[in-house]
Amino acid sequence: MWPLALVTTLALSGAVAETVNLRQHDTQYSFAVDYDNNQFLLDGKPFRYVSGSFHYFRAPRQYWRDRLRKMRAAGLNAVSTYVEWSLHEPERGQFNWSGDADIVEFLSIAEQEDLLVLLRPGPYICAERDLSQRLINCPVLADFVGSAALYLTKLLDKIEPFLRGNGGPIIMVQVENEYGSFNACNAEYLRILKRLFLDKIGDKALLYTTDGTSESMLRCGTVPGVFATVDFGSGGNVTKAFEPLRAKQPKGPLVNSEFYPGWLTHWGESFQRVKTGVVVQTLKDMLDIGASVNIYMFFGGTNFGLTSGANGGYNEFKPQITSYDYDAPLSEAGDPTDKYFAIRNAIGQYLPLPNISQPAASPKGNYGPVLLEPISKLLDDDDDDDDLFVMSRSTADFPKTFEALSVDQGLVLYEAKLPSSIPDEYTLNAKIKDRGLVYVNKQLYGVLSRTDKKFTLPLKKSYGDHLRILVENQGRLNYGNELRDFKGVSDVTIDGIEVISWNMTGYSFPDVSILRGKESISTDDADNGTLKSSPLFLRGRFSVAGQPLDTFLDTTGWGKGMAFVNGHNLGRYWPSVGPQITLYVPAPYLRPGDNELIVLEFEHVSPTRKMKFQSVPNFG
């Protein structure tokens, strides 16, 4: 993935400290591996953990305590979380540690709820999240490591008081993430990260790695002197699954760092589920042999905004849905499921259950239908509104990528004038990443799709000569050897002749509050519901009586777009493809009395122009 010479040069330059910072600390608190007896030692006493994954960035901070308390009530004694680099450093050198990014508050609540912590700061995380363009845009490893060192230093300074050696809850810190899954297999890169972590952590927490169970993954992902763990799902022979780890690491406790009680779901497939009985049996098989386990996910939550990622590559592209329910023991709305109670009963056979009342599902709001009125076209040359969400403009002979245009999550409009010499009927061909609406003279004529492998479109000269391709980033690849997943359109040809001279406009939607004062507009743009000339913003208002409750926005009958409630981006909806039909709306996003719903619909407006808030989710 990166040249070894660059890594070695960086290491020798002193960019990463070589020495281990062995600060004095109270020896009363510690976490270590007893290799002779194949066990962990917590504060000098034999210990094993049954942990659950909960990523703080997938739930409003108002719900952190609720979710953590429910995890403890299930018998878990630890929580595992990724730390999302792009959340905390959205722009180089600009750090965010407040609001839903307040990791210090999350760690404090975990400690108060009697949970130890397994911290997974990357710098790379998979987590089915969109891989930030800033993280894939480093041309050489030295740039990447330099950026990662800055981020990790800031993070580790923040969490230092929470390390176990300082009396805090963090017992383990992961070095990179599933690095053995990648072709790079660069041992020097991992050693650099190890030295960076040691410089900040010393022996106050245990460093560990996580990889799949194959020999090649363990060979490339493990680091000398760092405790190794594996991940695998439900079903199958547990002892056999651990054999590659035992061959690599003959002594020490066995750990499954990602035991899957469910699975992720992509747009266009059935919602993925794993049977409770299989999950519980595999969990008990691991606990029977003394292993420690982290259940991934115990609470999945939601990919709010445009943060969901994708799997596959150019020849197979599968974007992930907005929900990260994961068929986890706690649902997307934080409700305990039958799987939750079955797992709790199983854990109770091995660990003492806390004296906490068993949780119940929270009440949900049914706020009814909302009529949505059109208020603005995204693409409208006759209206200043088309500039409201523009974040970049550029011209070039050939189309630039989103990353070159500094567009992270959003849309880019590519415009060119077609040559006068084109035949009366011709074929447009383009490499698209990921989905492109094709307009000629402001008229929609088709869709190019990476998922559907649709890269050609028949057109006619009579349609006009002003070509527009509005490209959507549906989520960057978050796993595999094609992580440099640059978005946009390229190699645009008319009957094999390349189109040159492009104007490019990037759109981003971090805040739609500027639309709140907009008056309704009359538009005849919809033809049988299909938007002919531009994606359309629509707005509606609804009332909440009393204390707001969690609810679900039903998008049945609409095409594809994104929805905002009181300025909060709920994420992408795509009911015409499914399986996710509803978007989860947390109560903290609502307010008593008047509330506002704004949607940006790309393709098809429901004939009723209504969406409704209901009390139950719909996954198709």
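Residues numbered from 1 in each chain as written. Predicted model: local features only at pLDDT ≥ 70, side-chain atom pairs only at ≥ 80, totals over all residues. Heavy atoms only, no water.

1. Here's the deal with the overall build of the protein
Piece 1. For the protein, the helix and strand inventory stands at 11 helices and 34 strands.
Piece 2. Compactness check: the protein gives a C-alpha radius of gyration of 25 Å against a globular reference of 25 Å for 620 residues, within 12% of the reference.
Piece 3. Principal-axis analysis of the C-alpha atoms gives the protein an extent of 80 × 60 × 40 Å.
Piece 4. Counting the 620 residues in the protein, one finds 60% classified as buried.
Piece 5. For the protein, the share of sequence-separated contacts (at least 6 apart) that also reach a separation of at least 24 residues comes to 80%.
Piece 6. Within the protein, the 74 negative side-chain charges are centred at a point lying 3 Å from the centre of the 62 positive side-chain charges. (Helix = DSSP H or I, 4+ residues; strand = E, 2+ residues; numbered from the N terminus. Rg over C-alpha atoms; globule rule 2.2 N^0.38 Å. Buried < 20%, exposed > 50% of the residue type's maximum accessible area, 1.4 Å probe, protein only. Contact = heavy atoms within 4.5 Å. Lys, Arg positive; Asp, Glu negative; His and termini not counted. Charge placed at Lys NZ, Arg CZ, Asp CG, Glu CD.)

2. Side note on the nonpolar core
Piece 1. In terms of nonpolar packing, the biggest core is built from 90 residues, with F54, L68, V79, I170, F197, F242 and F298 touching the most fellow members.
Piece 2. If sequence neighbours within four positions are ignored, F197 has contacts with P121, G122, L152, L156, V173, Q174, V175, G202 and L207.
Piece 3. Ranked by size, the runner-up nonpolar core spans 29 residues in total, among them Y367, F542, F552 and V585. (Core = buried A, V, L, I, M, F, W, Y, C linked by side-chain atoms within 4.5 Å.)

3. Overview of the sheet that holds strand β24 (residues 497-498)
Piece 1. Overall, antiparallel pairing links the four strands, which are arranged β21-β18-β23-β24 in an open sheet. Pairing within the sheet leaves two strands with one partner each, and these edge strands are β21 (456-460) and β24.
Piece 2. Summarising the sheet, strand β23 (residues 488-494) and β24 pair through two bridges and their orientation is antiparallel. By the bridge assignment for β24, T493 is matched with E498. (Pairing = 2+ DSSP bridges.)

4. Some thoughts on the side chain of N311
Piece 1. Looking at the element boundaries, N311 is found in strand β12 (residues 310-312).
Piece 2. Polar side-chain contacts of N311 include one of 2.7 Å to the side chain of Q320.
Piece 3. When residues no more than four places from it in sequence are discounted, the contact partners of N311 are L264, H266, E316, F317, K318, Q320, L477, N478 and Y479. (Polar contact = N/O pair within 3.5 Å; in protein donor to acceptor, adjacent residues only side chain to side chain.)

5. Some thoughts on helix α2 (residues 64-73)
Residues that lie three or four places apart on an α-helix share one face, since the helix turns once every 3.6 residues.
Piece 1. α2 sits mainly inside the fold: seven of its 10 residues count as buried.
Piece 2. Those residues of α2 lying buried are W64, R67, L68, K70, M71, R72 and A73.
Piece 3. Along its buried surface, α2 packs onto β4 (50-54), β5 (78-82), α4 (103-112), β11 (292-299), α11 (338-347) and β32 (582-585).
Piece 4. Downstream of α2 by one or two residues, G75 has phi in the positive range, about 100 degrees.

6. Looking at α11
Piece 1. Listing the buried residues of α11 in full gives K339, Y340, I343, R344, A346 and I347. Summarising the axial view, the buried residues of α11 lie within an arc of 160 degrees, below the 170-degree limit, and thus occupy one face. Relative to its buried face, α11 has exposed residues pointing more than 90 degrees away, namely D338 and N345.
Piece 2. Lining the buried residues of α11 we find β4, α2, α10 (276-288) and β11. (Arc of directions from axis to C-beta.)

7. Overview of the state of the cysteines
Linking two cysteines covalently via their sulfur atoms produces the bond known as a disulfide.
Piece 1. Inspection of every chain in the model, using the stated rule, returns one disulfide.
Piece 2. The partner cysteine of C185 in its disulfide is C220, sulfur to sulfur 2.0 Å. Taking the sign of the S-S torsion, -85 degrees for the link of C185 and C220, the bridge is left-handed. Placement of C185 in the loop between β7 (170-174) and α7 (187-201) and of C220 in helix α8 (residues 215-221) is noted, with a sequence separation of 35 residues between them. (Disulfide = S-S within 2.5 Å.)

8. Brief notes about the UniProt feature "domain: Beta-galactosidase 1-like first all-beta" (unreviewed entry) in the protein
Piece 1. Residues annotated in UniProt with the feature "domain: Beta-galactosidase 1-like first all-beta" (unreviewed entry) correspond here to residues 399-505.
Piece 2. Secondary structure across residues 399-505 divides into 0% helix and 50% strand, with the first and last C-alpha atoms of the span separated by 11 Å. (UniProt positions renumbered as here; feature names shortened; annotations may be inferred.)

9. Some details on the sheet that holds strand β19 (residues 435-440)
Sheet strands associate in pairs through backbone hydrogen bonding, adopting either a parallel or an antiparallel arrangement.
Piece 1. If you walk across this open sheet you meet the six strands as β16-β25-β17-β22-β19-β20, and the pairing is antiparallel. Two strands lie at the open edges of the sheet, namely β16 (390-396) and β20 (443-449), each paired on one side alone. Neighbour-to-neighbour, the strand axes of the sheet open up by a mean angle of 20 degrees, direction not taken into account.
Piece 2. In the sheet, strand β17 (residues 411-417) pairs with strand β25 (residues 502-507) via five bridges, with the strands oriented antiparallel. Paired with V412 across the strands is G506, a residue of β25. (Axes fitted to C-alpha atoms, helices over the stretch in contact; angles between N-to-C directions.)

10. Quick look at the packing of aromatic side chains
Piece 1. For the coordinates displayed, the defined rule picks out 36 aromatic pairs.
Piece 2. Ring geometry for F54 and F106: centres 5.4 Å apart, planes at 75 degrees, overall edge-to-face. With a gap of 52 residues between them, F54 in strand β4 and F106 in helix α4 connect regions that are remote in the sequence.
Piece 3. Seen from their ring centres, F144 and Y189 are 6.3 Å apart, and the 55 degrees between their planes marks the pair as tilted. Note that F144 is positioned in helix α6 (residues 141-159) and Y189 in helix α7, a separation of 45 residues in sequence. Accessibility assignment for this pair places F144 and Y189 in one class, buried.
Piece 4. Taken together through their ring pairs, the aromatic side chains of F54, Y56, F57, W64, F106 and F299 make up a single cluster.
Piece 5. Its guanidinium or amino end placed over the ring of Y324, R58 lies 3.6 Å from that ring's centre, counting from NZ or CZ. (Phe/Tyr/Trp six-rings, centres within 6.5 Å; stacked < 30°, edge-to-face > 60°. Lys NZ or Arg CZ within 6 Å of the ring centre and 35° of its normal.)

11. Brief notes about the pairing of β23
Piece 1. β23 sits mainly inside the fold: five of its seven residues count as buried.
Piece 2. As judged from the five bridges shared by strand β18 (residues 425-433) and β23, these two strands associate in the antiparallel manner. Note on β23: the bridge partner recorded for I432 is V489.
Piece 3. Where β23 hands over to β24, the hairpin turn is made up of two residues, of which D495 adopts a positive phi near 50 degrees.

12. What about the domain arrangement of the protein?
Piece 1. What the domain assignment lists for the protein is domain 1 (31-348), domain 2 (368-374 + 517-614) and domain 3 (390-507).
Piece 2. Once you take the C-alpha centre of each, domain 1 and domain 2 turn out to be 34 Å apart.
Piece 3. Looking at the side of domain 1 facing domain 2, the largest losses of area belong to W267, F304 and L306, adding up to 36% of the total buried there.
Piece 4. Inspection of the domain 1/domain 2 interface yields zero salt bridges.
Piece 5. Applying the counting criterion to the domain 1 and domain 2 interface returns seven residue pairs in polar contact (both at pLDDT 80 or more). (Domains from an automatic or database assignment. Buried area = accessible area lost by both parts, 1.4 Å probe. Salt bridge = Lys/Arg side-chain N within 4 Å of Asp/Glu carboxyl O.)

13. Brief notes about the side chain of T505
Piece 1. Among the secondary structure elements, T505 is positioned in strand β25.
Piece 2. You can call T505 buried: its relative accessible area is 4%.
Piece 3. With residues up to four places along the chain from it excluded, the contact list for T505 reads V390, S392, R393, L411, V412, L413 and E415.

14. Quick look at the pairing of β5
Piece 1. Where burial is concerned, most of β5 is hidden: five out of the five residues are buried.
Piece 2. Judged by which residues are buried, β5 turns out to be covered on both faces: A78, S80 and Y82 on one side and V79 and T81 on the other are all buried.
Piece 3. Note: β4 against β5, three bridges, orientation parallel. Residue pairing for β5: S53 is matched across the bridge by S80.
Piece 4. By the bridge criterion, five bridges tie β5 to strand β6 (residues 116-120) in an arrangement that is parallel. Among the inter-strand pairings, S80 is bridged to a residue of β6, identified as L118.

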